[in-house]
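Residues per chain, in single letters:
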Amino acid sequence: MTQTEEKFLEYLKRKNHFEQMLGLVIWDARTGAPAGGVTQRAEIMETLSSELYEMTTSGDLKDLIDELKKEQEQSEILSRAIEEAEKAYNQNTKIPVDDYLAFVKLQTNAEVKWEEAKEKNDFEIFKPYLQEIVAFKKRFVQYLGYEQHPYNTLLDQYEPGVFTDTLDTVFATIKEHLIPLIQKVIHASDQPDTSFLFKSFPKEKQEELSKSFLNTMGYNFNKGRLDESVHPFAIGINPSDVRVTTKYNEQDFRVALLGTIHEGGHALYEQNISEELIPYGLASGTSMGIHESQSLFWEKFIGQSYPFWEAMYADLTTFAPAQFKHVSLQDFYFGLNEAKPSMIRIEADELTYCLHIILRYELEKGLFEGSIEVEDLPKLWNEKMEEYLGIVPSNDGEGVLQDVHWSSGDFGYFPSYALGFIYAAQINEVLKQEFPNFEELVRTKQLEPIRVWLTERIHQYGAVKKPKDLIESITGGGIDPTPLIQYLTEKYTKLYRL
Ligand code: ZN
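Criteria and thresholds
Residues numbered from 1 in each chain as written. Predicted model: local features only at pLDDT ≥ 70, side-chain atom pairs only at ≥ 80, totals over all residues. Heavy atoms only, no water. Helix = DSSP H or I, 4+ residues; strand = E, 2+ residues; numbered from the N terminus. Rg over C-alpha atoms; globule rule 2.2 N^0.38 Å. Buried < 20%, exposed > 50% of the residue type's maximum accessible area, 1.4 Å probe, protein only. Contact = heavy atoms within 4.5 Å. Areas by Shrake-Rupley, 256 points an atom, 1.4 Å probe, with all protein chains shown as cover. Pairing = 2+ DSSP bridges. Axes fitted to C-alpha atoms, helices over the stretch in contact; angles between N-to-C directions. Phe/Tyr/Trp six-rings, centres within 6.5 Å; stacked < 30°, edge-to-face > 60°. Lys NZ or Arg CZ within 6 Å of the ring centre and 35° of its normal. Donors = N, O, S within 2.8 Å, 3.2 Å for Na, K, Ca; no water. Tetrahedral: all angles 85-135°; square planar, octahedral: opposite > 155°, others 65-115°. Expected span 1.5 Å × (residues − 1). Salt bridge = Lys/Arg side-chain N within 4 Å of Asp/Glu carboxyl O.

Observations regarding the overall build of the protein
Moving on, step 1. In terms of helices and strands, the protein carries 21 helices and three strands.
Moving on, step 2. Taking 23 Å as the expected radius of gyration for a compact globule of 498 residues, we find that the protein reaches 23 Å, a close match to that expectation.
Moving on, step 3. Principal axes of the C-alpha set define a box for the protein whose edges measure 70 × 50 × 50 Å.
Moving on, step 4. Counting across all 498 residues of the protein, residues that qualify as buried make up 53%.
Moving on, step 5. For the protein, restricting intrachain contacts to residue pairs at least 6 apart in sequence, the fraction spanning at least 24 positions comes to 73%.
Moving on, step 6. Accessible surface, the protein as shown: approximately 22,400 Å² in total, 49% of it carbon and sulfur.

Quick look at the structure:
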């Protein structure tokens, strides 16, 4: 190892340790830290964040990067670490500090106004703040530069290498197939009885069940833990410490059950990243979309599948016998997979979910290419809801104001949710080819071979392989919505007897 490389690794280690500390403070804040400590905690987070900012933008780091780039014969891992450090350096130094600080201040105010506007169902309250946020973000895109479309620079922060031209094609195909399918489902004469879902299911039982599901998936409790929080999340401090939270609703057990499986999928990814990548700062998921593919694979393709409930339903009924007394496995499965258009994205089922995302993508892209103005958003939102899902929000609170993302300027984030589902379906298809007994494995709770396969093909690489390369290495091709469309069409045609 050269001296420069040693110094670079030293720098990465220090940065990584600050990130781990920040992660621990964030986890603590969301899982029951005393409310009285909020001011001190905010100051600590500010100190850690500004230290991190200084580290990523230091001139010494730039010198190291330039020096290392001259050296020949780097390992793939080292060259990716250099690439990432350079990307962070460029992003943080191209935006003038004054602009950045003004934006951070605006974010805080905008989030407060967004909350107020959402509560009062009044977009006008939020509008001037959103206009300012969009203006800032447009300026940031100019500073950072872009290829082909200004929105590509925003996408690059969450899903490197995926651009608007790909998304336009992929999303158009999804719309073409799913919009008519959803209409068929709405008008099907067979509709599920879902009343059993909303009976009282004791929290302690849900917790026990959540833990047993995590165990079945192969989640390692020696390197993790399960807690409760308002918004469920998984957080990887490092691969040996990956924590999951869930939320218990006694009137709807699905929230905890499917939520835990979802976060468990994120956690399996983080737990199984090769420890060798820690010194290089690459022991994390490679993109938002790939991360979401792991959570959605477990939640949808395992947790909402018939073979899984063939294995689990008997267990479930012992936890709340009265609730499921007269519900057959078939009726349970149908009820659990009920699909119908709804206003709120985070409550949407798997059949309609992508259309919520496509709507947001089209609006965001329009804002950044200048074909849409902020003031037109509520009207366009409602028009698209009607066109894609056949329903119209009765107010802005359940329409254009429902998500927090825009108030913090997180444009370009939404597409990764849909990409995650598309990737998950592609991965599921390959898995089923490689394991002809896939359903049998699930039906008999033998999920370990599946988990191991995911680790071999995806998890272990952390952020070394980029999303596009990773998908290519698994499927032999690019991003393709066909497996997802096929999965949804087959499943819902059968379920609703279309
Ligand atoms: Zn997720």
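Moving on from the model shown.
Quick look at the sheet that holds strand β2 (residues 234-238)
Moving on, step 1. Taken in spatial order, the three strands line up as β1-β3-β2 in an open sheet, and their pairing is mixed. Strands at the two margins of the open sheet, each flanked by one partner only, are β1 (226-228) and β2. Taken pair by pair, the neighbouring strands of this sheet meet at an average axis angle of 25°, ignoring direction.
Moving on, step 2. Of the strand pairs in this sheet, β1 and strand β3 (residues 241-246) are connected by three bridges, and their pairing is parallel. Opposite Leu 226, over in β3, you have Val 244 as the bridge partner.
Moving on, step 3. Helix α1 (residues 3-30) contacts β1, β2 and β3 of the sheet and is inclined by roughly 145° relative to β2.

So, the packing of aromatic side chains
Moving on, step 1. Evaluated as defined, the whole model comprises 36 aromatic pairs.
Moving on, step 2. Here the aromatic rings of Phe 297 and Phe 301 are separated by 6.3 Å at their centres, their planes lie at 15°, and the arrangement is stacked. Remark: Phe 301 and Phe 297 occur in helix α11 (residues 288-302); sequence separation between them is four residues, near one turn of the helix. For the pair formed by Phe 297 and Phe 301, the shared burial category is buried.
Moving on, step 3. Grouped by ring-pair contacts, the aromatic residues Phe 196, Phe 201, Phe 213, Phe 253, Phe 308, Trp 309, Tyr 313, Phe 324 and Phe 332 constitute a single cluster.
Moving on, step 4. Seen from the ring of Phe 233, Arg 30 lies directly overhead, with NZ or CZ sitting 4.8 Å from the centre.
Moving on, step 5. Stacked on the ring of Trp 27, the Lys or Arg Arg 243 has its end atom at 4.4 Å from the ring centre.

Observations concerning the coordination of the zinc ion
Moving on, step 1. Summarising the metal site, the zinc ion is bound by the protein donors His 262 (NE2), His 266 (NE2), Glu 292 (OE) and Glu 292 (OE), whose distances to it range over 2.1 to 2.8 Å.
Moving on, step 2. Taken together, the four donor atoms coordinating the zinc ion and their angles of 49 to 124° define a geometry best described as irregular.
Moving on, step 3. Sequence spacing of the donors to the zinc ion: H-x3-H-x25-E. With His 266 in helix α10 (residues 254-271) and Glu 292 in helix α11, the pair connects residues that are 26 residues apart, well separated along the chain.

Section: the pairing of β2
Moving on, step 1. One ladder, built from four bridges, connects β2 with β3; its direction is antiparallel. Bridge pairing in β3 places Gly 236 opposite Val 242.
Moving on, step 2. Count of turn residues in the β2/β3 antiparallel hairpin: two residues.

Focus on the pairing of β3
Moving on, step 1. A large share of β3 lies buried, amounting to six of its six residues.
Moving on, step 2. Burial along β3 is two-sided: the residues Asp 241, Arg 243 and Thr 245 and Val 242, Val 244 and Thr 246 are all buried.

A short note on helix α21 (residues 482-495)
Moving on, step 1. The end-to-end C-alpha distance of α21, which contains 14 residues, comes to 20 Å, matching closely the 20 Å that a straight helix rising 1.5 Å per residue would cover.
Moving on, step 2. By the burial criterion, the buried members of α21 are Pro 483, Leu 484, Ile 485, Tyr 487, Leu 488, Lys 491, Tyr 492 and Leu 495.
Moving on, step 3. Buried residues along α21 sit against α8 (164-186), α11, α14 (329-336), α15 (353-369) and α17 (415-434).

Concerning the side chain of Asp 99
Moving on, step 1. Within the secondary structure, Asp 99 sits in helix α5 (residues 97-119).
Moving on, step 2. In this structure, Asp 99 is in contact with Phe 136, Arg 139, Phe 140 and Tyr 143, ignoring residues within four places of it in sequence.

Overview of the pattern of salt bridges
Moving on, step 1. Counted under the stated rule, the structure contains 34 salt bridges.
Moving on, step 2. Note that Glu 67 and Lys 70 form a salt bridge whose closest N and O atoms lie 3.8 Å from each other. Of this pair, Glu 67 and Lys 70 both sit in helix α3 (residues 59-70), three residues apart, roughly one helical turn.
Moving on, step 3. Taking the relative accessible area as the measure of exposure, Glu 67 reaches 37% and is therefore partly exposed.
Moving on, step 4. Given the relative accessible area of 61%, Lys 70 is considered exposed.
Moving on, step 5. Sharing partners across several salt bridges, the network here consists of Arg 80, Glu 83, Glu 84 and Lys 466.

What about the environment of Pro 239?
Moving on, step 1. Summarising the element assignment, Pro 239 is placed in the loop between β2 and β3.
Moving on, step 2. On the basis of relative accessibility, which here comes to 2%, the residue Pro 239 falls in the buried class.
Moving on, step 3. Separated by 107 residues in the primary sequence, Pro 239 and Glu 132 have C-alpha atoms spaced 39 Å apart.
Moving on, step 4. Those residues within four positions of Pro 239 in sequence are excluded, and the remaining contacts are Lys 223, Glu 270, Gln 271, Ile 273, Glu 275, Ile 278 and Ala 283.

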